[in-house]
Amino acid sequence: MKDIIFAKITADGFSVINVIRISGKKSYILIRSLLKKNLIPQQMTYTELYDLDQKYLEKILIVYFKSPNSFTGEDIIEFHLHGNKYLINKIIKILIILGARQAKPGEFLERRYYYGKISLIECELINDKILHSDKKMFQLTMENQKNFYLCILKNSKFKLNSMIIILETFSIFNRKSFKKDFIFIKKFLKKLKNLIYILKKKIEKIDYLKNNYQIMIIGRRNVGKSTLFNKICLQYDSIVTNIPGTTKNNISKQIFVSSKKINLSDTAGLILKSKNLIEKIGILKNINKIYRSSLILYMVDKFNLKKLFFNAPLNIFNKIKNNKVIILINKCDIIGVKEGVFKINDLIVIFLSAKKSILIEKIKCFISKIVENEEDLSRGKYCFTNIGELLNNCEEFYKNFCCSYDIISEKIINFQKEVLKITGEYTNHCLINSLFRNFCTGK
C-alpha cells in the first residue's frame, strides 16, 4: 500500500468531463508541483494546472480528500477536467513520470477494505450494483439493505463471541454438565440458524438477479424463427422475409420475463451444406452456444418425427434429456391443426402460428418456469457462498446435537470463523485478489 495509484474513473469515449482519481499516502506531495494554489482538505478548488516544465495546461477543478477521511483511507486527489483525450493522456504520462502507477481493477475499493472502512460483503454488494443495472438489484443493494445484512452479521458475531466466553468459563472452572446448559445452547443455535437463514434468503434474491440466462430459437431455414423472436420481444429487430437464410448471424435481445433478465437469440437456419461462408460461421456459433444456453426453442414447420431433428446438432439431445428443449410446430394454420400445448413424456410440444399466435404468453410462462428451476451455476465463490455453507453446518449440528462442552466449543469457534470469512476479517490474499480483480477499473 506504499505506492501511489491512479485511474481514469469516467467511461471511455466522448464526454463533457473526465475525472482522474489518485490515491496514496503522499498523493498531495506528488501533484504539488503541478499547481500554484494550496488545496483545502475536503473542498473543491478551481485552479490552473501546469506540466513538469511549468507550462500552463488547463484550468481545472480539483478535490483533495485528506486521510483518514477519504474513500480509501489514504490521501485522495481527484482531477475534474474537460473531456479532451489529449489532456487526459498528457496528465497520465505526467503521473507515471512522477512515480504513480495505473490502478488494477477494484484496487481503490481493495484499499478501502484493507483500511477497515468496509466489509467484504459490502464490496460484493457494490460490485453487483455496478455490474447489474436492474431496479430490483438496486433496491436489494441500497444503503438500508446493506445495513440490514451487516446488522445480522454483527448480531451473529456478538452471539458467537458470548457463547465462546461462556464455554471457556465452564472449561476453566471445570463445571459439571447440566441439562439446562445444553437446552440453552440448543436454543441459541436455533436463533443463530434463523438469523443466517434470513440473510441467505436475501442473498439468494441477489444471486437470482445476477444470473444471465441464454435462450436460443433454433431450427431450419424459413420456419419462422425471426417472426417468433419479434413477437416475444415486442419489437422488429430481426428481418423477416420469405427468402431462406435471411438471418446470417445471431441477433440477441435482452427481455424480462417474471422480472428475470433473459438474453433471447434469433439464430441462422440449420443446414448441412451451405456455400455461404458467413452462414457457415453463424451455424457453428449456434452449435457452440447450445452447450451454454439455459433453454432451446426448437422450431419446425411440419410435425414429422422422421424429419423433426433433421440437421439438429447432436448436443441438443442432452438438452432434451434435461428438459431444456421446447418443440415449436409453426404454421399449424396451414396444415389445418389448432394451436395447443401437448406433453409427450417429458417433452413439451407447442403447435402455433407465429404470425397470429395467441400462445406467446404461454411460451413466456414455460420460459419463466424453466428459468426458475434452472440450477444456479454462477453463484459467487466468495462470501455469498460462505453464507450457505454456514447455514448448512448450523442445521447439521443442530440436528445431530452433542451434549459435550468441548465439541460444542469447537463447533462454535468454527461457526465464528465462517462468519468472519463472510465479513472478510478471516480470509487469505489469493481470495481477496481474485475477488477485487472482477471489479471495474477506478473503483
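Residues numbered from 1 in each chain as written. Predicted model: local features only at pLDDT ≥ 70, side-chain atom pairs only at ≥ 80, totals over all residues. Heavy atoms only, no water.

Participant: Describe the overall build of the chain, with residues and values.
Facilitator: Helix and strand counts for the chain stand at 14 helices and 13 strands. Out of the 443 residues in the chain, the part that is buried amounts to 47%. When contacts within the chain are restricted to residue pairs at least 6 apart in sequence, those whose partners lie at least 24 apart make up 65%. For the chain, the exposed area adds up to about 24,300 Å²; of that, 56% sits on carbon and sulfur atoms. (Helix = DSSP H or I, 4+ residues; strand = E, 2+ residues; numbered from the N terminus. Buried < 20%, exposed > 50% of the residue type's maximum accessible area, 1.4 Å probe, protein only. Contact = heavy atoms within 4.5 Å. Areas by Shrake-Rupley, 256 points an atom, 1.4 Å probe, with all protein chains shown as cover.)

Participant: Account for the sheet that holds strand β2 (residues 17-24), naming residues and giving values.
Facilitator: Taken together, the 6 strands give an open sheet; going across it, the order is β3-β4-β5-β2-β1-β6, and neighbouring strands pair in mixed fashion. Where the open sheet ends on each side, the last strands, each with one partner, are β3 (43-50) and β6 (101-102). (Pairing = 2+ DSSP bridges.)

Participant: With reference to specific residues and values, describe the pairing of strand β1 (residues 5-8).
Facilitator: Here β1 shows no split at all, with Ile5 and Ala7 on one side and Phe6 and Lys8 on the other all buried. Looking at chain direction, β1 and β2 are connected through 4 bridges and run antiparallel. Paired with lysine 8 across the strands is isoleucine 20, a residue of β2. In this sheet, β6 lies alongside β1 in parallel orientation, the contact comprising 2 bridges. Among the inter-strand pairings, isoleucine 5 is bridged to a residue of β6, identified as arginine 101.

Participant: Break down helix α3 (residues 107-114) for me, citing the residues and quoting the values.
Facilitator: Counting buried positions along α3 yields 7 of 8 residues, so the element is predominantly enclosed. Of all the residues in α3, the buried ones are Glu107, Phe108, Leu109, Glu110, Arg111, Arg112 and Tyr113. Following α3 by one or two positions, glycine 116 adopts a phi angle in the positive range, close to 75 degrees.

Participant: Give me the lowdown on the pairing of β2, citing residues and values where you can.
Facilitator: Counting buried positions along β2 gives 7 out of 8 residues, so the element sits mostly inside the fold. Here β2 runs beside strand β5 (residues 75-82); their pairing, made up of 8 bridges, is antiparallel. Paired with valine 19 across the strands is histidine 80, a residue of β5.

Participant: Provide a residue-level description of the packing of helix α6 (residues 143-172) against helix α13 (residues 405-423), including the pertinent values.
Facilitator: It is the contact of α6 with α13, at a shortest axis distance of 10 Å, that shows an interaxial angle of 155 degrees. Comparing their axes, α13 and α6 come out roughly antiparallel. In this structure, α6 meets α13 at a crossing whose hand is left-handed. In this structure, α6 contributes Leu153, Ser156, Lys157, Leu160, Asn161, Met163, Ile164, Leu167, Glu168 and Phe170 to the contact, and α13 contributes Tyr405, Ile408, Ser409, Ile412, Ile413, Phe415, Gln416, Val419, Leu420, Ile422 and Thr423. Class assignment of the residues belonging to the contact of α6 with α13 gives a composition of 14 nonpolar, 5 polar and 2 charged. (Axes fitted to C-alpha atoms, helices over the stretch in contact; angles between N-to-C directions. Parallel < 35°, antiparallel > 145°, perpendicular 65-115°, else oblique. Left-handed = near helix turned anticlockwise from the far one by under 90°. Nonpolar A, V, L, I, M, F, W, Y, C, P; charged D, E, K, R; others polar.)

Participant: Which residues make up the packing of aromatic side chains, and what values do they have?
Facilitator: The description of two aromatic rings rests on the distance between their centres and on the angle between their planes. Inspection of every chain in the model, using the stated rule, returns 6 aromatic pairs. Seen from their ring centres, tyrosine 113 and tyrosine 114 are 5.5 Å apart, and the 55 degrees between their planes marks the pair as tilted. Classification of tyrosine 113 by relative accessible area gives buried; the value is 10%. Seen from their ring centres, phenylalanine 182 and phenylalanine 401 are 6.5 Å apart, and the 70 degrees between their planes marks the pair as edge-to-face. Taken together, the residues phenylalanine 182 in helix α7 (residues 179-210) and phenylalanine 401 in the loop between α12 (383-399) and α13 connect sequence positions 219 residues apart. Of the two residues, phenylalanine 182 and phenylalanine 401, neither departs from the other in class, the shared state being buried. (Phe/Tyr/Trp six-rings, centres within 6.5 Å; stacked < 30°, edge-to-face > 60°.)

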